[in-house]
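Survey of secondary and tertiary structure
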Amino acid sequence: EARGGPPVPSPPLPFSLSTPSTINREWVAVWGLRGPLAPPSSIRTVRASQGPVYKGVCKCFCRSKGHGFITPADGGPDIFLHISDVEGEYVPVEGDEVTYKMCSIPPKNEKLQAVEVVITHLAPGTKHETWSGHVVSS
C-alpha cells in the first residue's frame, strides 16, 4: 500500500493457483526456476554477480519446502538457500561441498542469502537425486 494513497495492485501472477503441479510447471516455463512458487531471483543474482565466491557445506536442504542452509567454510552464521538459486543437476544434501555468492534478503536487507549455488563435491556415501528424479549413490 502506498503511503497516503490508495492500495497499489500486485502484478498479475504468471500462473493459476489451481494446482501445485501447474504452478511448478508454469514457473519453470516462465522463470526457468525450480519449485512451486519460486520467486524471481534474477534481481538478487544481478546484485551478487559482482561479489566474491564463497565456499561452504550444505547443512540441510528440504526439496519439498524449497529451502535449506549452508554452513560457511570460514565460520559465521548459516546462510539461507532457496531452491531457485541452486545450479546444476543435483538436489543438495547434507554434507555436499558448495560454492556460492551472497546477497541480502529484502525488505530490511539484514540477513544474507546464498545465490548461484554450485555443488562442487557430493557428500560421500549418500544418495543424490537429480532435479528430474533420478537417484545416484556417491
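Residues numbered from 1 in each chain as written. Predicted model: local features only at pLDDT ≥ 70, side-chain atom pairs only at ≥ 80, totals over all residues. Heavy atoms only, no water.

1. Thoughts on the pairing of strand S3 (residues 79-82)
Put simply, the test is: Note: two strands are recorded as paired if DSSP finds a minimum of 2 bridges between them. Numbering of helices and strands starts at the N terminus; helices are DSSP runs of H or I of at least 4 residues and strands are runs of E of at least 2.
Summarising the sheet, strand S2 (residues 67-72) and S3 pair through four bridges and their orientation is antiparallel. Within S3, the residue paired with His67 across the bridge is His82. Taken together, S2 and the strand that follows it, S3, pair antiparallel across an intervening segment of six residues, in which Gly75 is found at a positive phi of about 90 degrees.

2. As for the side chain of Thr130
Basically, it comes down to this: Only protein chains enter the accessibility calculation, which uses a 1.4 Å probe. A residue is then buried if its area is under 20% of the maximum for its type, exposed if over 50%, and partly exposed in between. We call two residues contacting when some pair of their heavy atoms lies within 4.5 Å.
Looking at the secondary structure, you find Thr130 in the loop between strand S7 (127-129) and strand S8 (135-137). Among the residues examined, Thr130 registers a relative accessible area of 7% and is labelled buried. Filtering out sequence-adjacent residues up to four positions away, Thr130 remains in contact with Arg63, Glu89, Tyr90 and Val91.

3. Looking at the packing of aromatic side chains
The condition is simple: Side-chain rings of Phe, Tyr and Trp, where Trp is taken by its six-membered ring, are said to pair if the distance between their centres is within 6.5 Å; with planes under 30 degrees apart they count as stacked, over 60 as edge-to-face, and otherwise as tilted.
Tallied over the full model, the rule gives two aromatic pairs. Ring centres 5.8 Å apart and planes at 25 degrees place the aromatic pair Tyr54 and Tyr100 in the stacked group. Separated by 46 residues along the polypeptide, Tyr54 in strand S1 (residues 54-62) and Tyr100 in strand S5 (residues 97-104) bring together distant segments of the chain. Tyr100 gets classed as buried once you look at its relative accessible area, which sits at 2%.

4. Some words on the side chain of Asp85
Short version of the rule: Counting of polar contacts relies on pairs of N or O atoms within 3.5 Å, with two restrictions inside protein: one atom must be capable of donating a hydrogen and the other of accepting it, and residues adjacent in sequence are counted only when both atoms are side-chain atoms.
Looking at where Asp85 falls in the secondary structure, it is placed in the loop between S3 and strand S4 (86-87). A polar side-chain atom of Asp85 sits 2.7 Å from a polar atom in the side chain of Gln113.

5. Some points on the confidence of the model for the protein chain
Applied cut-off: Here pLDDT means the predictor's own confidence in every residue, given as a number from 0 to 100.
Mean pLDDT over the protein chain works out to 78, with 64% of the residues at or above the 70 mark. Scored below 50 in pLDDT, residues 13-33 makes 30 contacts in the model with residues more than four places away or belonging to other chains.

6. Description of the nonpolar core
Basically, it comes down to this: Here the nonpolar core consists of buried residues drawn from Ala, Val, Leu, Ile, Met, Phe, Trp, Tyr and Cys, with membership extended through side-chain atoms lying within 4.5 Å.
By size, the foremost hydrophobic cluster in this structure holds 14 residues, and its most contacted members are Phe61, Ile70, Tyr100 and Val117. Mapped by element, the contributors of at least two residues to this core are S1, S3, S5 and strand S6 (112-121). Per-element tally for this core: the top contributor is S6, with three residues. Contacts of Phe61, omitting those with residues within four sequence positions, involve Gly66, His67, Gly68, Leu81, Ile83, Val86, Val91, Pro92 and Trp131.

7. Comments concerning unusual backbone geometry
Omega for the bond connecting Pro106 with Pro107 falls within 30 degrees of zero, at 10 degrees, which places this linkage in the cis form. A positive phi angle is found at Asn109, which is not glycine, with a value near 55 degrees. Secondary-structure assignment places Asn109 in the loop between S5 and S6. In this model, Glu116 sits at a positive phi of 50 degrees, which is unusual for a non-glycine residue. One can find Glu116 in strand S6.

8. A word on the pattern of salt bridges
Rules: Think of a salt bridge as a Lys or Arg side-chain nitrogen and an Asp or Glu carboxyl oxygen that are within 4 Å of each other.
Using the criterion set out here, one finds three salt bridges in the structure. Salt-bridge contacts for Lys59 lead to Asp78; the nearest nitrogen and oxygen are separated by 2.7 Å. Pair noted here: Lys59 is in strand S1 and Asp78 is in the loop between S2 and S3, with a separation of 19 residues, a long-range link. When its relative accessible area of 44% is taken as the criterion, Lys59 is described as partly exposed. With relative accessibility at 29%, the residue Asp78 sits in the partly exposed group. The shortest N-O distance in the salt bridge between Glu129 and Arg63 comes to 2.9 Å. Taken together, the residues Glu129 in strand S7 and Arg63 in the loop between S1 and S2 connect sequence positions 66 residues apart.

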